[in-house]
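Below are the chains, spelled out letter by letter.
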Amino acid sequence: MTPKVVLVTGATGGLGSAIVEKFIAQGDFVYLLDLDEKRIDEAVNHYGSQTSGFVLDVRSEESVANGIARIIAEKGKIDVLVNNAGLQHRDKVEDFPLEKWQLLIDVMLTGVFLMTKYVFPHMKEARYGRIINISSVHGKMASPEKAAYVAAKHGVIGLTDVTGIEGASFGITVNAVCPGAVKTPLLVKQLEDLNKSEGLTESEALSRIVYPRQAMNRFIEAEEIADTVVFLASEAAKAITMEHIKVAGGM
Ligand SMILES: NC(=O)c1ccc[n+]([C@@H]2O[C@H](COP(=O)([O-])OP(=O)(O)OC[C@H]3O[C@@H](n4cnc5c(N)ncnc54)[C@H](O)[C@@H]3O)[C@@H](O)[C@H]2O)c1
């Protein structure tokens, strides 16, 4: 089988790294796209010849357009796009700084739109494509103090369906994966913030904000999210589109 060309945004983060590793393990070629050049270079050196990577800011139309053009010039096709870049900010609605609201929406909603906008023409031309958007359980439910995150992640679900409809007759599937609590830098920072603001230990924070809503009472592993992403990119999933799959231990 010819190796797929896979793009992962936020590729050097916790979930991104696990997703990159699964695609490499099955022989695909993966572009690591993220913000920090040093971290990208270190990761590409670590993974070797099945990877390439460069700085791509999903908020910037210019950065996205140039990045996609470069990949097409180098590889001639894009088979799989994983829209994974993200970040969190917590505040009560009335205290939520507008610039934080805009940052989260720009990265996690506009970023998904821009990446899809520039990848779609190449997938349509090839009459093949797999787009996997990393939403969240917060794409389906709310938590307090996460206005921008919850709004962006709900938005991603809607965008998944619009692009799923538009892509269907071109052999493109578009799905969302909705992780529960995965112990990555994004979540660890929230646990640390709760420790600072309310003095909660990690297990107290989890018992209060996560476990009462989750059947399995445990963190989800990044590899468990990556397994679902790789499945959705596979031939076995070719009839699956516009689904929003929770990988969340029963949340
Ligand atoms: N960790 C969890 O519990 C959890 C749960 C549900 C959903 N998610 C989602 O999973 C995805 C990955 O999160 P994670 O937990 O691995 O977080 P992380 O902080 O470890 O990684 C996020 C990555 O996104 C990158 N990024 C941020 N802004 C960017 C931009 N403008 N352009 C390109 N890259 C950018 C960061 O540099 C970082 O490498 C996010 O979309 C997040 O919302 C995570």
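Definitions and limits used
Residues numbered from 1 in each chain as written. Predicted model: local features only at pLDDT ≥ 70, side-chain atom pairs only at ≥ 80, totals over all residues. Axes fitted to C-alpha atoms, helices over the stretch in contact; angles between N-to-C directions. Helix = DSSP H or I, 4+ residues; strand = E, 2+ residues; numbered from the N terminus. Parallel < 35°, antiparallel > 145°, perpendicular 65-115°, else oblique. Left-handed = near helix turned anticlockwise from the far one by under 90°. Contact = placed C-beta atoms within 7 Å. Nonpolar A, V, L, I, M, F, W, Y, C, P; charged D, E, K, R; others polar. Near = placed C-beta within 6 Å. Core = buried A, V, L, I, M, F, W, Y, C linked by C-beta atoms within 7 Å. Buried ≥ 20, exposed ≤ 12 C-beta atoms within 10 Å, placed from the backbone.

K.L.:
With reference to specific residues and values, describe the packing of helix 1 (residues 14-25) against helix 8 (residues 222-232).
P.N.:
The interhelical angle for the contact between helix 1 and helix 8, taken along N-to-C directions, is 50°, at an axis separation of 8 Å. Between helix 1 and helix 8, the angle falls in the class oblique. Read as a crossing pair, helix 1 and helix 8 show a hand that is right-handed. Listed contacts from helix 8 to Gly14, Leu15, Ala18, Ile19, Lys22 and Phe23 of helix 1 are Ala222, Glu223, Ile225, Ala226, Asp227, Val229 and Val230. Among the residues making up the contact of helix 1 with helix 8, the classes are represented as nine nonpolar, one polar and three charged.

K.L.:
Kindly report on the site of the ligand, identifying the contributing residues and their values.
P.N.:
Neighbouring residues of the ligand: 27 residues in total, closest Gly10, Gly13, Gly86, Thr184 and Leu186. Each residue belonging to the shell around the ligand can be placed in one class, and the counts come to 14 nonpolar, 10 polar and three charged.

K.L.:
Give a detailed account of the nonpolar core, specifying residues and quantitative values.
P.N.:
Taken as a class, soluble globular proteins show a tendency for nonpolar side chains to be buried jointly. Of all hydrophobic cores here, the largest spans 67 residues; its most connected members are Leu7, Val8, Leu32, Val82 and Val229. Counting residues per element, this core draws most heavily on helix 4 (residues 98-126), at 11 residues. Contacts of Val8, omitting those with residues within four sequence positions, involve Gly16, Ile19, Val20, Val30, Tyr31, Leu32, Leu33, Val82 and Asn84.

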